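In case you want the letters, here they are:
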Amino acid sequence: MSDKKLITMELEGRKIRVPEGLTVIEALWDTGHDVKRGIGCLSGLCGACTVAYLEKGAGKVRFGLGCQVVVTEGLNVIMLPYFPSRVAAYRLEEMDDPYSRLPEVYPEVTGCTGCRACNVCPEWINVAEMMKKAREGDCAGATEPVMDCHMCGLCASRCPQSIAPHYVGLYLQRASARRYPIPPNLEERLAQIRDGVYRAKWDEADALDEEGLKEFCRRVREEPA
Amino acid sequence: MYPEDLCRLIERVDATRAERLKQDVPRLTEAEQADLLKKYHPDYKDCAFRTLRVGPNKGERTTHEIADLLESFGDLDHSKVPLTPAFDTDVLVLGGGGAGVTAALFAGQTGARVLLATKLRLGNSNTIMALGGMQASVDRADSPLRHFADTLSAGKFAGRQELVRTMVEDAPEVVKWLLDTGVNFDRDSSGNLALKKGGGLSAARILSIGDHTGLNIMKVLKDELRRDDKIEISEFTPAVELTTNERGQCNGAVLFDLGRRRFITVRAKAVVLATGGSGRLHFQGFPTSNNFGATGDAIVLAYRAGARVEGLDSFQYHPTGVMFPDHMVGILVTEAIRSLGAHLVNVRGERFVNELETRDAVAAAIIRECERGGGVTTAGGRTGVWLDIPVLEQIHGAGVLRQRFRALFRQFMRVSINIVRRPLLIYPTLHYQNGGILIDVNGETSVPGLFVAGEAAGGLHGRNRAMGNSLLDIFVFGRRAGVAAALRRGENPGAVGFGHVHDYYERLRALRISSISKSPTLFPDFIVDKL
Ligand SMILES: Cc1cc2nc3c(=O)[nH]c(=O)nc-3n(C[C@H](O)[C@H](O)[C@H](O)COP(=O)(O)OP(=O)(O)OC[C@H]3O[C@@H](n4cnc5c(N)ncnc54)[C@H](O)[C@@H]3O)c2cc1C
Ligand code: FES
């Protein structure tokens with residue numbers, strides 16, 4: 001069928017030969033696994049496809065994204081299930097300063113021992129560092145790297161204290177948005193729309209025929225700001 | 001890591017960088033652009049399209065891939081589907097991307113019972129993949145009218161005026177809602193929303209959250225869904241058919257439980273279809289930037305129920321899809337890279353188009369360059385041109401790439417390609433469905449009770465969607481559809497049935513069509529043709 005070179009690997013606990021160059025997900029498909037559950041973007045962006053793998057001769061198990069890890073000779077790999085995590089219930093709009101409430105919302109954060117087992121992030125977030133900042137009350141600092149988190153939950157799966165750093169991060173992220181007042185530029189625009197500042201112009205546009213509309217749009221676009 | 005032959009070719013890119021920086025590539029005139037599109041843009045390749053013989057859009061043009069799905073019998077055996085609903089709800093939302101989740105949240109707020117069913121895990125969607133940002137006219141120098149004019153112009157005036165107006169007028173309010181929900185859009189030093197410029201926009205209008213805009217919005221909305229216990233979520237249960245009552249109104253859907261491999265019939269007072277786009281149909285063999293579940297299911301479901309579609313002969317091919325390494329083919333390189341001044345470079349190290357032309361024109365120019373021998377071919381047999389990203393470090397200072405494009409940098413460091421030093425090999429990738437199921441300003445289709453929101457909907461973006469308008473679209477029309485659908489909750493949905501499918505199949509038979517297809521597609525077959 002193909003002149004592709006075959007490699008031997010261990011896939012989901014089964015020794016098997018597959019063509020080289022496939023990703024773990026593709027190797028699973030190729031060998032008859034009907035995987036749907038661990039698949040999302042196929043671009044390394046969504047975190048649905050986490051895998052644990054041991055490379056030939058390596059001493060340490062590594063973690064990664066199955067849609068981006070390419071299989072190699074002697075690789076031993078499994079897909080990981082979506083790890084269960086405690087998620088807190090909270091209502092941000094009822095809190096004055098959500099940052100300061102972190103110890104109530106996620107009390108387990110105080111139990112973090114700094115063991116760094118959570119540093120397995122496929123997006124290279126230094127989770128241990130983020131948790132340290134959260135523990136010490138530097139919430140703004142802890143929030144910064146969270147923007148890269150896609151909630152794959154790998155960090156939580158490694159935590160001996162059953163902390164879910166990705167949910168802690170999400171809480172901080174949502175809290176951070178509520179710390180700022182409404183942006184002045186947005187507020188101004190909302191008022192203008194409410195006050196009907198654009199109404200006359202809309203009426204003008206509505207009355208135009210096709211050619212007129214094109215001309216209208218050209219004018220609007222070229223108007224100096 | 002690049003193999004040796006590509007490394008040698010990259011030397012040309014490095015050697016010509018300084019010269020190219022001094023060069024000014026002229027913009028295309030209107031006539032030149034029209035000619036370029038006509039000769040090289042995939043939308044103009046006549047042999048890739050055909051005329052539909054059946055249904056509400058009979059006589060209109062669409063791609064063979066869509067026509068094949070619409071002009072065939074689905075493989076669902078309707079006699080095996082239980083007609084007694086397993087669930088009864090007010091609003092059934094199909095699709096767990098940005099549009100679906102927004103519709104569910106707003107329907108839920110009115111007090112309606114909501115069931116949201118989605119194909120994969122909640123949130124696995126094109127929405128989380130949106131990198132660049134979202135449009136909303138909030139700058140002093142901008143206005144909803146400008147946004148309106150830019151959107152219509154980008155769409156070559158094929159978009160519907162009332163839909164565009166609705167989108168641009170709702171935009172600031174939708175931004176406020178997102179902020180209130182806890183979405184942390186980037187701000188500038190005075191607390192204003194930070195705004196970026198985008199291709200074809202006459203003002204700075206792109207809001208973003210680092211280079212992970214969609215993901216960070218989706219994370220928050222998904223979290224918000226958790227707290228509304230009137231909203232039920234059903235994952236891994238794609239919709240495979242809509243149901244209608246004796247009056248032809250849409251009143252539910254059949255879901256397929258992927259785990260149990262069983263059908264579930266859901267009855268509802270109104271249905272919101274928000275199942276996204278169709279990149280995984282790989283039109284004309286193009287690779288795609290879309291997620292695994294983007295198989296255009298909404299088109300099949302709604303068309304059989306009698307809904308009109310619009311603009312399904314127009315797709316967006318994003319100019320910069322990855323061509324190397326093989327396992328990353330089709331993945332998107334964000335437009336922001338070009339906006340900042342990266343060069344497109346052929347095998348000889350020359351620029352061949354002004355990189356700031358609109359997406360369709362840049363895509364066509366790349367195809368032309370490859371067809372006339374300016375491309376670079378990989379061992380995997382794929383051809384593309386270089387996207388000179390390292391040049392940005394010279395224009396904007398060392399460190400800009402690692403700082404502003406963290407996600408992109410990581411994506412390629414994983415395969416030992418350092419974008420600070422190496423160009424990427426790219427070619428247009430199938431990115432967005434410009435058309436879809438025609439909606440009105442409340443998201444309702446020509447079938448009563450059937451609402452559509454997001455990429456599945458049509459009529460808004462004309463023949464080319466402007467950057468950042470899709471994220472906006474899904475929240476504006478997700479909200480409107482959710483609210484309008486919930487208003488139907490007092491109605492009697494009647495009995496669920498497949499009268500519309502039987503009628504549709506009758507018409508196929510009358511045309512002596514007998515082909516059977518897996519429609520809706522649900523999942524692409526083995527995706528990569530590496531074997
Ligand atoms: C890589 C990439 C980058 C992008 N960048 C930007 C950007 O910067 N700015 C911008 O404005 N736009 C961008 N877009 C476009 C934008 O992200 C999408 O068009 C938009 O998010 C679509 O939202 P949606 O909710 O309509 O569909 P999706 O987000 O795709 O959600 C559809 C959902 O429906 C589910 N589904 C599919 N079929 C079924 C079925 N049969 N039954 C039940 N559920 C089903 C899917 O699993 C998915 O969860 C980008 C798109 C991609 C792919
Ligand atoms: S499928 Fe999304 S990261 Fe792999």
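Just so we're clear, the structure is a prediction, and the values are computed from it rather than from any experiment. (Residues numbered from 1 in each chain as written. Chains lettered and ligands numbered in written order. Predicted model: local features only at pLDDT ≥ 70, side-chain atom pairs only at ≥ 80, totals over all residues. Heavy atoms only, no water.)

## So, unusual backbone geometry
- Residue Pro 325 of chain B is bonded to the preceding Phe 324 of chain B through a cis peptide linkage, with omega at -5°.
- With respect to the helices and strands, the residue Pro 325 of chain B is situated in the loop between β13 (315–322) and α9 (336–339).
- Here the residue pair Ser 519 of chain B and Pro 520 of chain B is connected by a cis peptide bond, since its omega of 0° sits within 30 degrees of zero.
- Along the chain, Pro 520 of chain B turns up in the segment after β21 (516–517).
- One non-glycine residue, Leu 42 of chain A, adopts positive backbone phi at about 60°.
- Structurally, the position occupied by Leu 42 of chain A is in the loop between α1 (24–30) and β3 (50–54).
- Among the residues examined, Leu 42 of chain A registers a relative accessible area of 16% and is labelled buried. (Helix = DSSP H or I, 4+ residues; strand = E, 2+ residues; numbered from the N terminus. Buried < 20%, exposed > 50% of the residue type's maximum accessible area, 1.4 Å probe, protein only.)

## So, the pairing of strand β9 (residues 239–244) of chain B
Residue and element names in this part refer to chain B.
- Buried residues dominate β9, accounting for six of its six residues.
- Sheet topology places β9 next to strand β10 (residues 250–257); five bridges connect them, and they run antiparallel. When the sheet's bridge partners are listed, Thr 243 is paired in β10 with Gly 252.
- The hairpin turn running from β9 into β10, its antiparallel successor, is five residues long, and Gly 248 in that turn takes a positive phi close to 80°. (Pairing = 2+ DSSP bridges.)

## Thoughts on the site of ligand 1
Residue and element names in this part refer to chain B.
- What surrounds ligand 1 is a group of 38 residues, the closest being Thr 127, Gly 133, Glu 455, Ser 470 and Leu 471.
- At a separation of 2.9 Å, an oxygen atom of ligand 1 approaches a polar backbone atom of Ala 99.
- The contact in question runs from an oxygen atom of ligand 1 to an N or O atom on the side chain of Thr 127, over 2.5 Å.
- Taking 1000 Å² as the accessible area of ligand 1 by itself, protein coverage stands at 98%. (Near = heavy atom within 4 Å. Polar contact = N/O pair within 3.5 Å; in protein donor to acceptor, adjacent residues only side chain to side chain. Areas by Shrake-Rupley, 256 points an atom, 1.4 Å probe, with all protein chains shown as cover.)

## Observations regarding the sheet that holds strand β1 (residues 6–11) of chain A
Residue and element names in this part refer to chain A.
- Taken together, five strands build an open sheet; the order of strands is β2-β1-β5-β3-β4 and the sheet is mixed. In this open sheet, the two strands that pair with only one neighbour each are β2 (14–19) and β4 (62–65). Each strand of the sheet is rotated relative to its neighbour by a mean of 35°, with strand direction disregarded.
- Bridge count between β3 and β4: four bridges; the pairing is antiparallel. Bridging across to β4, Val 51 finds its partner in Gly 64. (Axes fitted to C-alpha atoms, helices over the stretch in contact; angles between N-to-C directions.)

## A closer look at the interface of chain B and chain A
- Of the residues lining the interface, 76 residues belong to chain B; the matching set on chain A comes to 76 residues.
- Of the roughly 6900 Å² buried at the junction of chain B and chain A (both faces included), carbon and sulfur atoms supply 58%.
- Remark: the boundary between chain B and chain A carries eleven salt bridges.
- One salt bridge in this structure joins Glu 188 of chain A and Arg 140 of chain B, with 2.5 Å as the shortest N-O distance.
- At the junction of chain B with chain A, the criterion picks out 36 residue pairs in polar contact (both at pLDDT 80 or more).
- Here the residues of the side of chain B that touches chain A are counted per class, giving 33 nonpolar, 20 polar and 23 charged. (Contact = heavy atoms within 4.5 Å. Buried area = accessible area lost by both parts, 1.4 Å probe. Salt bridge = Lys/Arg side-chain N within 4 Å of Asp/Glu carboxyl O. Nonpolar A, V, L, I, M, F, W, Y, C, P; charged D, E, K, R; others polar.)

## Things to note about the domain arrangement of chain A
- Taken as a whole, chain A is organised into domain 1 (6–79), domain 2 (92–179) and domain 3 (188–222).
- One C-alpha centre belongs to domain 2 of chain A, the other to domain 3 of chain A; they are set 46 Å apart. (Domains from an automatic or database assignment.)

## Focus on the environment of Phe 352 of chain B
Residue and element names in this part refer to chain B.
- Relative to the assigned elements, Phe 352 resides in the loop between β14 (343–345) and α10 (359–371).
- Classification of Phe 352 by relative accessible area gives buried; the value is 11%.
- Sequence-wise, Phe 352 and Val 25 are 327 residues apart; in three dimensions their C-alpha atoms are separated by 7.6 Å.
- For Phe 352, the residues in contact, after removing those within four places along its chain, are Leu 344, Val 345, Asn 346, Ala 365, Ile 366, Arg 368, Glu 369 and Val 385.

## Overview of the confidence of the model for chain B
- Across chain B, pLDDT averages 95, with 99% of residues at or above 70.
- Across the predicted assembly, pTM comes out at 0.97 and ipTM at 0.95. (pLDDT = per-residue confidence, 0-100.)

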